[in-house]
Amino acid sequence: MALGHAEVLLLMGPPGAGKGTQASKLARARQLLKLSTGDMLRNHVAQGSALGQQAKAIMEAGELVPDALIIAMVKEAIAAQNSDVRVLLDGFPRTPGQAEALETLLREFDTALTAAILLEVNEDELVARLLKRAQEEGRSDDNEATIRRRMQVYREQTQPLVDYYAAKSKLRRVSGEGSVEEVFARITEVLL
Ligand code: AP5
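Residues numbered from 1 in each chain as written. Predicted model: local features only at pLDDT ≥ 70, side-chain atom pairs only at ≥ 80, totals over all residues. Heavy atoms only, no water.

1. Things to note about helix α4 (residues 67-79)
For step 1, the next point in the chain: A rise of 1.5 Å per residue sets the reference length of α4, with its 13 residues, at 18 Å; its end C-alpha atoms lie 18 Å apart and thus fit the reference within 8%.
For step 2, the next point in the chain: Turning to α4, its buried residues are I70, M73, V74, A77 and I78. One side of α4 carries all its buried residues, which in axial view fall inside an arc of 130 degrees. Facing away from the buried surface of α4 by more than 90 degrees, the exposed residues are A68 and E76.
For step 3, the next point in the chain: On its buried side, α4 packs onto β2 (33-36), α2 (37-47), α3 (50-61), β3 (86-90) and α5 (96-108). (Helix = DSSP H or I, 4+ residues; strand = E, 2+ residues; numbered from the N terminus. Expected span 1.5 Å × (residues − 1). Buried < 20%, exposed > 50% of the residue type's maximum accessible area, 1.4 Å probe, protein only. Arc of directions from axis to C-beta. Contact = heavy atoms within 4.5 Å.)

2. Observations regarding the site of the ligand
For step 1, the next point in the chain: Neighbouring the ligand are 30 residues; T21, E63, R94, R133 and R150 lie closest to it.
For step 2, the next point in the chain: At 2.9 Å from an oxygen atom of the ligand is found a main-chain nitrogen or oxygen belonging to G16.
For step 3, the next point in the chain: Out of a free accessible area of 1000 Å², the ligand has 87% covered by protein chains.
For step 4, the next point in the chain: The site holding the ligand turns out to be the largest pocket. (Near = heavy atom within 4 Å. Polar contact = N/O pair within 3.5 Å; in protein donor to acceptor, adjacent residues only side chain to side chain. Areas by Shrake-Rupley, 256 points an atom, 1.4 Å probe, with all protein chains shown as cover. 1 Å grid on protein atoms, 1.4 Å probe; cavity = no way out; pocket = protein on both sides within 12 Å on 5 of 7 lines; lining within 4 Å. Sits in = over half its atoms within 2 Å of the grid points.)

3. Let's talk about the pairing of β3
For step 1, the next point in the chain: Across the five residues that make up β3, a large majority, five, are buried.
For step 2, the next point in the chain: A two-sided burial pattern is seen for β3, the buried positions comprising R86, L88 and D90 on one face and V87 and L89 on the other.
For step 3, the next point in the chain: Inspection of the sheet shows strand β1 (residues 7-12) paired to β3 by five bridges, in the parallel sense. Bridge assignment links L11 to a residue of β3, and that residue is D90. (Pairing = 2+ DSSP bridges.)

4. Brief notes about the layout of surface pockets
For step 1, the next point in the chain: Space inside the largest pocket adds up to approximately 1100 Å³.
For step 2, the next point in the chain: Forming the boundary of the largest pocket are 47 residues, of which G16, K19, R133, R139 and R150 lie nearest the centre.
For step 3, the next point in the chain: Those elements that place two or more of their residues in the lining of the largest pocket are α1 (19-30), β2, α2, α6 (123-137), α7 (144-158) and α9 (180-190).
For step 4, the next point in the chain: Considering each element in turn, the lining of the largest pocket owes the most residues, eight residues, to α6.
For step 5, the next point in the chain: Classifying every residue of the lining of the largest pocket gives 14 nonpolar, 17 polar and 16 charged. (Points joined across faces, edges and corners; volume = space filled by probe spheres on them. Nonpolar A, V, L, I, M, F, W, Y, C, P; charged D, E, K, R; others polar.)

5. Quick notes on the packing of aromatic side chains
For step 1, the next point in the chain: One pass over the structure, following the stated rule, counts one aromatic pair.
For step 2, the next point in the chain: Taken together, a centroid distance of 5.0 Å and an interplanar angle of 85 degrees make the contact between Y164 and Y165 edge-to-face.
For step 3, the next point in the chain: Sitting above the plane of the F184 ring, K25 keeps its charged end 4.9 Å from the centroid.
For step 4, the next point in the chain: We note K168 situated over the ring of Y164; from NZ or CZ to the ring centre the distance is 4.9 Å. (Phe/Tyr/Trp six-rings, centres within 6.5 Å; stacked < 30°, edge-to-face > 60°. Lys NZ or Arg CZ within 6 Å of the ring centre and 35° of its normal.)

6. Remarks on the environment of S169
For step 1, the next point in the chain: In this structure, S169 sits in the loop between α8 (160-167) and β5 (171-175).
For step 2, the next point in the chain: Under the relative-accessibility criterion, S169 is labelled exposed at 55%.
For step 3, the next point in the chain: Placed 53 residues apart in sequence, S169 and A116 show a C-alpha to C-alpha distance of 9.3 Å.

7. Some points on the packing of α5 against α8
For step 1, the next point in the chain: Where α5 meets α8, the axes come as close as 10 Å, and the angle between the chain directions of the two elements is 35 degrees. When α5 is examined against α8, the residues P96, A99, E100, L102 and E103 are found in contact with a partner set consisting of L161, Y164 and Y165.
For step 2, the next point in the chain: Considering only residue class, the contact of α5 with α8 consists of six nonpolar, no polar and two charged. (Axes fitted to C-alpha atoms, helices over the stretch in contact; angles between N-to-C directions.)

8. Quick look at the nonpolar core
For step 1, the next point in the chain: Judged by nonpolar contacts, the single largest core of 32 residues is most densely connected at L10, M12, L41, L89 and Y165.
For step 2, the next point in the chain: Of all elements in the fold, only β1, α2, α3, α4, β3, α5, β4 (115-120) and α8 reach the threshold of two or more residues within this core.
For step 3, the next point in the chain: Per-element tally for this core: the top contributor is α4, with five residues.
For step 4, the next point in the chain: Leaving out residues up to four positions away in the same chain, L10 has contacts with L89, F92, P93, L102, L113, A115, A116, I117 and Y165.
For step 5, the next point in the chain: By size, the runner-up hydrophobic cluster in this structure holds 22 residues, among which are A17, A27, L130 and V174. (Core = buried A, V, L, I, M, F, W, Y, C linked by side-chain atoms within 4.5 Å.)

This is the structure in structure tokens:
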């Protein structure tokens, strides 16, 4: 593994697929800056920033925050890296517009996407994981109605990116079922 060189990975998959869980492990293992747009937005909401105030109701409804706001937020975070771009994107891009903006942005930094990892998990398991987290953590978008809407939004707006990255030979499909360690081992293998 060529540490110290540019590397841009992204983790895709439906709500509850394990993007955040695996992103933390992968970022640590490969020394990448983890950029989770969901976490960044939740921080804005917690701080009551202007962006947070705009995003709160959208997130609680399970809809997507407008592309322009998300792209500006990611751009600022990537631009703050003062050496080779080494990032792990969790939950971004989520629309074709975001994917195109990412490509343009990486070109500005003289780099390109390394791989897009798609975590695949059956829907019953996804809903079960999120309802369990609702009991444990009380995240405001983890109620059954919003979970269903998040799934639908994923299918309509984000799933087209699977074909987009497959056409560019960047897509790596990984089963997200099984233990966290099993999934992590599979991801590590597709990145060899
Ligand atoms: P975001 O935070 O990205 O939420 P999400 O995509 O719905 O994903 P989750 O965080 O629910 O699941 P995950 O796949 O990360 O899985 P996790 O590891 O947490 O986005 C939230 C909202 O912000 C969006 O709805 C939207 O409004 C807005 N937003 C964010 N990004 C945006 C963007 N780019 N554009 C526009 N809007 C945006 O795991 C889930 C649970 O399962 C956890 O409890 C975990 O412990 C457990 N778990 C994980 N792995 C396993 C395993 N292998 N076995 C059993 N349990 C597991």
